[in-house]
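A closer look at the structure
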Amino acid sequence: MNLTPLIQLTRGGTPECLHFGAVAVTNRLGQLTAFAGDPHLVTFTRSTLKALQALPFVEAGGPATFGFTQAENALLCASHNGEAMHVDAAVSMLGKSGNTYQTLRCGCHVPLLFSYFDKGAPEGATYTEAHNNCSGKHAGFVAYCVQHDLPLDDYTAPDHPLQQAIARDVARAVGMDVQDMPRGIDGCSAPNFAMPLSKLATGYARLASGAQDAEFGASFALLSEAMTAYPEMVSGTGRNDLDFMRVGRGDWVSKVGADGVQVVGSKSRGEAFALKIIDGNKPALFAASVEVLDQLGWLDDAQRAALKPWRAAEIRNARGLLVGERLPVFQLQTP
């Protein structure tokens, strides 16, 4: 793997940690416009894939058929906190297709509202599959199966017609052949695909372009507009995607994936970048993403100031003493 140093941590002026990775920037035609490291690094897409996994459902008119609201359409693309607004929306989506949380095949975990922020869950609290960060995506899966009279007990199986349709549309969206996308199983039990960063960026450049896309225009417009109109549904309180999309003022379509993946597309530019921190470190991922936005010229002074917490350049201890720095050590190149 042709990785490059992206973020370096120092303590007392001495290097302590170095986070490697790669960045690919492409336009909606799939042309590489900037990069760091190997822009064609093959990596699993994880939750950045969710908006593309919704394509078969949206292409078939599913949101209108079941009366999904725009906030619920945003939840199709979410890795949410499991806050009340998220759980209520997931339950509503399931109810509109005649189902309950018991139909979901995503499993149950402590809501990200607690686990993501290393907080203890309230004593005695109980959770269901509706609290799973992927419950919105799975509610869409269930609705698609109801719409097409497909079995629900195995809808996450790779050979299920739903998952075959997803593989087909994901491949079309990123400009690949299905057989060239390595497949794995994600944390929510659904199939996930690995692909070059440049292909993932292309998918998001097209998603952000919305109605301008010749193949998926209406679907991309519905999904990208829902995500930017309701960014709190895509992630939740205190989360990166919420802040990025708010700071982007409706122009940026942002999605983080587990283990160090982030993609941000610009509607006005028809461009997107995909970034991978190879060790999956979240602070390094977010710091690198802000630096990419800055180097691309996407930030004005107000946006730069608003994203300062995500750049997290200063490292302070429990007493608030400045003990080190987290700084970018890369420069985007042009092909």
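All values reported here derive from a predicted model rather than from experimental measurement. (Residues numbered from 1 in each chain as written. Predicted model: local features only at pLDDT ≥ 70, side-chain atom pairs only at ≥ 80, totals over all residues. Heavy atoms only, no water.)

Remarks on the overall build of the protein
Spelled out, the test is: Numbering of helices and strands runs from the N terminus, with a helix taken as a DSSP run of H or I at least four residues long and a strand as a DSSP run of E at least two residues long. As defined in this context, the radius of gyration uses C-alpha atoms, and a globule is described by 2.2 Å times the residue total to the power 0.38. Here, two residues are considered to be in contact whenever any of their heavy atoms come within 4.5 Å of each other. Residue exposure ignores everything except the shown protein chains as possible cover, and the areas themselves are Shrake-Rupley values with a 1.4 Å probe. Residues counted as positive are Lys and Arg, residues counted as negative are Asp and Glu, and His and the chain ends are not counted. Charge positions come from single atoms, namely NZ of Lys, CZ of Arg, CG of Asp or CD of Glu.
Assigned secondary structure in the protein consists of 15 helices and 11 strands. A globule of 335 residues ought to have a C-alpha radius of gyration of about 20 Å, and the protein, at 19 Å, matches this closely. For the protein, the C-alpha atoms occupy an extent of roughly 60 × 50 × 35 Å along the three principal directions. In the protein, once contacts between residues fewer than 6 apart in sequence are set aside, the share between residues at least 24 apart is 63%. Of the roughly 13100 Å² of accessible surface on the protein, 51% is carried by carbon and sulfur atoms. Averaging the coordinates of the 27 positive side-chain charges in the protein and doing the same for the 33 negative ones gives two points 4 Å apart.

Quick look at helix α5 (residues 84–96)
Structurally, the α-helix is built with 3.6 residues per turn, so residues lying three or four positions apart point the same way. Filter applied, for reference: Between the first and last residue of a helix there are one fewer steps than residues, each counted as 1.5 Å, and that sum is the expected span.
When the terminal C-alpha atoms of α5 are compared, their 18 Å separation across 13 residues agrees well with the 18 Å that a helix rising 1.5 Å per residue should span. Positive phi shows up at G98, right after α5, with a value of about 80°.

Quick look at the packing of aromatic side chains
Test applied: Stacked, tilted and edge-to-face pairs are distinguished by plane angle, under 30 degrees for stacked and over 60 for edge-to-face with tilted covering the rest, among Phe, Tyr and Trp rings (Trp via its six-membered ring) whose centres lie within 6.5 Å. Criterion for a charge above a ring: Arg CZ or Lys NZ at most 6 Å from the ring centre, at most 35 degrees from the ring normal.
All chains considered together, the criterion is met by 9 aromatic pairs. One aromatic cluster in this structure is built from F57, F66 and F68. Positioned above the aromatic ring of F117, the side-chain terminus of K119 is 5.8 Å from the ring centre.

Digging into helix α10 (residues 217–229)
The condition is simple: Only protein chains enter the accessibility calculation, which uses a 1.4 Å probe. A residue is then buried if its area is under 20% of the maximum for its type, exposed if over 50%, and partly exposed in between.
Look at α10: 18 Å from first C-alpha to last across 13 residues, which is about the 18 Å you get at 1.5 Å a residue. G217, S219, F220, A221, L223, S224, A226, M227 and T228 are the residues of α10 that are buried.

Overview of the pairing of strand β3 (residues 32–36)
Defined as follows: In this description, strands pair whenever DSSP reports at least two bridges between them.
Taken together, the 4 bridges between strand β2 (residues 14–27) and β3 define a ladder with antiparallel strand orientation. Within β3, the position partnered with A24 by the bridge is F35. Taken together, β2 and the strand that follows it, β3, pair antiparallel across an intervening segment of 4 residues, in which G30 is found at a positive phi of about 85°.

Some thoughts on the sheet that holds strand β4 (residues 42–44)
Going by this rule: Each axis is a line fitted through C-alpha atoms, and for a helix only the stretch in contact is used; angles between axes span 0 to 180 degrees, taken between their N-to-C directions.
Taken in spatial order, the 3 strands make up an open sheet running β4-β6-β5, and their pairing is antiparallel. Looking at the sheet topology across the chains shown, the edges are occupied by β4 and β5 (183–185). The average angle at which neighbouring strand axes cross in this sheet is 30°, direction not considered. Two elements, β4 and strand β6 (residues 191–196), share 3 bridges in a ladder whose sense is antiparallel. Bridge pairing in β6 links V42 to P196. Against the sheet, helix α8 (residues 161–174) touches β5 and β6, its axis set at about 20° to β6. Across the sheet, helix α9 (residues 197–209) touches β4 and β6, and the angle it forms with β6 is around 110°.

Looking at the nonpolar core
The criterion, for reference: For our purposes a nonpolar core is just a set of buried Ala, Val, Leu, Ile, Met, Phe, Trp, Tyr and Cys residues, chained together by side-chain atoms within 4.5 Å.
Among the nonpolar cores identified, the biggest contains 67 residues, and L76 and M195 are the most heavily contacted of them. In terms of residues, this core owes the most to one element, α8, which gives 8 residues. Counting residues in each nonpolar core, the second largest holds 30 residues, with L6, A284, A287 and V290 among its members.

So, the packing of helix α7 (residues 135–147) against α8
We apply this condition: Here the angle decides the label: under 35 degrees means roughly parallel, over 145 means roughly antiparallel, 65 to 115 means roughly perpendicular, and every other value means oblique. Should the near helix be turned anticlockwise from the far one by less than a right angle, the crossing is left-handed, and should it be turned clockwise, the crossing is right-handed. By the convention adopted, Pro, Cys, Tyr, Trp, Phe, Met, Ile, Leu, Val and Ala count as nonpolar, Lys, Arg, Asp and Glu as charged, and the other residues, Gly among them, as polar.
Remark: α7 packs on α8, axes separated minimally by 10 Å, with the N-to-C direction vectors making an angle of 110°. It follows from the interaxial angle that α7 and α8 lie roughly perpendicular. Judged by the sense of rotation from one axis to the other, the crossing of α7 with α8 is right-handed. Facing α7, whose interface residues are F141, Y144 and C145, α8 presents L162, Q163, A165 and I166. Class assignment of the residues belonging to the contact of α7 with α8 gives a composition of 6 nonpolar, 1 polar and no charged.

Here's the deal with unusual backbone geometry
At D149, a residue that is not glycine, the phi angle is positive and equals roughly 55°. Within the fold, D149 resides in the loop between α7 and α8. Look at D149 and you get exposed, because its relative accessible area is 70%. Despite not being glycine, R249 has its phi angle at roughly 55°, a positive value.

Thoughts on the side chain of H131
Here H131 lies in the loop between α6 (112–115) and α7. The exposure class assigned to H131 is buried, which follows from its relative accessible area of 15%. Those residues within four positions of H131 in sequence are excluded, and the remaining contacts are H80, G82, V87, H109, P111 and T126.

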